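Breakdown of the fold
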Amino acid sequence: MSTPTPAPAAPRPVRVLLVEDDELMRRSFAVSLERYGYTVRAAADGLTGLESFRDEDFDLLILDVMLPGLDGIGLCRKVRETSLVPVLMMSARGDGLDIVAGLEAGADDYVVKPVDTNVLVARIRSLLRRATYAPAPAAGQDRQAAEQEPGPSEGELLTFGDLTLHTGGLDVTVGGTPVALTPTELKLLLEFAAHPGTVLERHTLLRNVWDYGWDGDSRVVDLCVQRLRGKLGRDRIETVRGFGYKLRR
């Protein structure tokens, strides 16, 4: 008598840390995200949020900018000292300085309050896709060939001066020294590496990296490029004024 094959284990729910000081918004966001299947841990201030982050493992953080004690920007900086977990910032409508400061602190994306739940969930899904990104097999490669050829885990080793990128292991080094990139920074680099020497317009990068299906705020691109330059070298990514950016070969 054959032994029944055990059913595959259910995937672990995505764990989200939500730090929002407005009680009504905090409860509303938490309930809405839980309806979509997320496990939510909520905190009302930055210091409590930091303690929760240090005590537990989270897949994604949602941080309001204006928080008592330790604001969202300061909290994001603290998180980035030890972790590359995806961070989504929330800012009051029209407060552009908060958006820029959050992105400069290391946030991957932002939404402006009040935000529709569907938009919030779309941004979360986009961030999680970047965090679990793996290159697909080459175009036109059929299933049999894909099984015979080296898989995405082996990938290619791309070299641009002293910058090397292993597309399978998603490892990045500069001058032989490993460089830690956030999921968004890594996907942006992969987009540049797929088109070396080619100028990529901001709206193209917004669509391919941030999954914006509409014209988003190009500041998110500019600030992520700025962070990449700080890690890879100032001259590695060239600005082409009026058009966009390109990776130097």
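Residues numbered from 1 in each chain as written. Predicted model: local features only at pLDDT ≥ 70, side-chain atom pairs only at ≥ 80, totals over all residues. Heavy atoms only, no water.

Per the secondary structure count, the protein includes nine helices and 12 strands. The proportion of buried residues among the 249 residues of the protein is 45%. Long-range contacts, defined as pairs at least 24 residues apart, comprise 58% of the intrachain contacts of the protein with a sequence gap of at least 6. Just so you have it, the protein exposes about 13,200 Å², and 51% of that area is on carbon and sulfur atoms. (Helix = DSSP H or I, 4+ residues; strand = E, 2+ residues; numbered from the N terminus. Buried < 20%, exposed > 50% of the residue type's maximum accessible area, 1.4 Å probe, protein only. Contact = heavy atoms within 4.5 Å. Areas by Shrake-Rupley, 256 points an atom, 1.4 Å probe, with all protein chains shown as cover.)

With that settled, consider the confidence of the model for the protein. Per-residue confidence for the protein gives a mean pLDDT of 84; residues scoring 70 or more make up 83%. Throughout residues 134–153 the model reports pLDDT below 50, and contacts reaching past four residues in sequence, or to other chains, amount to 10 contacts. (pLDDT = per-residue confidence, 0-100.)

Looking now at the packing of helix α5 (residues 117–131) against helix α7 (residues 183–193). Their axes nearest at 8 Å, the elements α5 and α7 cross at an angle of 70 degrees. It follows that α5 is roughly perpendicular to α7 by the angle criterion. For the pair α5 and α7, the sense of crossing is left-handed. The segment α5 lies against α7, with Leu127, Arg130 and Ala131 engaging Pro183, Thr184 and Lys187. (Axes fitted to C-alpha atoms, helices over the stretch in contact; angles between N-to-C directions. Parallel < 35°, antiparallel > 145°, perpendicular 65-115°, else oblique. Left-handed = near helix turned anticlockwise from the far one by under 90°.)

Here the focus is the environment of threonine 239. The residue threonine 239 is located in strand β11 (residues 237–240) in this model. Separated by 40 residues in the primary sequence, threonine 239 and valine 199 place their C-alpha atoms 8.7 Å from one another. When neighbours within four sequence positions are excluded, threonine 239 is seen to be in contact with Arg229, Gly244 and Tyr245.

Right, let's talk about helix α9 (residues 219–232) for a bit. For α9, spanning 14 residues, the distance from its first C-alpha to its last is 20 Å, which sits close to the expected 20 Å at 1.5 Å a residue. Listed as buried for α9 are Val220, Val221, Leu223, Cys224, Val225, Arg227, Leu228, Arg229 and Leu232. (Expected span 1.5 Å × (residues − 1).)

At their nearest, the axes of helix α2 (residues 46–55) and helix α3 (residues 72–80) sit 10 Å apart, and the two run at 20 degrees to each other. Between α2 and α3, the angle is such that the two are roughly parallel. As for how α2 packs across α3, the hand of that crossing is right-handed. Contacts between α2 and α3 involve Gly46, Gly49, Leu50, Phe53 and Arg54 from the former and Leu75, Lys78 and Val79 from the latter. Tallied by class, residues from the contact of α2 with α3 come to four nonpolar, two polar and two charged. (Nonpolar A, V, L, I, M, F, W, Y, C, P; charged D, E, K, R; others polar.)

Sheet strands pair via backbone hydrogen bonds, and the direction of the pair is either parallel or antiparallel. An order of β10-β12-β11 is seen for the three strands of this open sheet, with the pairing classed as antiparallel. This sheet does not close on itself; its edge strands, each paired only once, are β10 (200–201) and β11. When β11 meets strand β12 (residues 244–247), the two strands line up antiparallel, connected through four bridges. The residue of β12 that forms the bridge with isoleucine 237 is leucine 247. (Pairing = 2+ DSSP bridges.)

Another aspect to go through is the pairing of strand β7 (residues 163–166). Each regular strand shows side chains that alternate between the opposite faces of the sheet. Only one face of β7 is covered, namely the face carrying Leu163 and Leu165; the face carrying Thr164 and His166 is uncovered. With four bridges connecting them, strand β6 (residues 157–160) and β7 associate as antiparallel partners. Its bridge partner lying in β7, threonine 159 is registered against threonine 164. In this structure, the hairpin formed by β6 and β7 is closed by a connection of two residues, where glycine 161 is found at a positive phi of approximately 65 degrees. In this antiparallel pair of consecutive strands, β7 and strand β8 (residues 171–174), the connection spans four residues, and leucine 170 shows a positive phi of 55 degrees.

A word on the side chain of serine 91. For serine 91, the position within the fold is in strand β4 (residues 87–92). Residue serine 91 is classed as buried on the basis of its relative accessible area, which comes to 2%. Setting aside its immediate chain neighbours within four residues, serine 91 contacts Val65, Asp98, Ile99, Val111, Val112 and Lys113.

Looking at the secondary structure, you find aspartate 59 in the loop between α2 and β3 (60–64). Considering only alpha carbons, one finds aspartate 59 and valine 87, 28 residues apart in sequence, at a separation of 9.3 Å.

Looking now at unusual backbone geometry. Of all residues except glycine, most have a negative phi; of all peptide bonds, most are trans. Residue proline 114 is bonded to the preceding lysine 113 through a cis peptide linkage, with omega at -5 degrees. Along the chain, the position of proline 114 falls in the loop between β5 (109–113) and α5. Although it is not a glycine, leucine 170 sits at a positive phi angle of roughly 55 degrees. Relative to the helices and strands, leucine 170 is located in the loop between β7 and β8.

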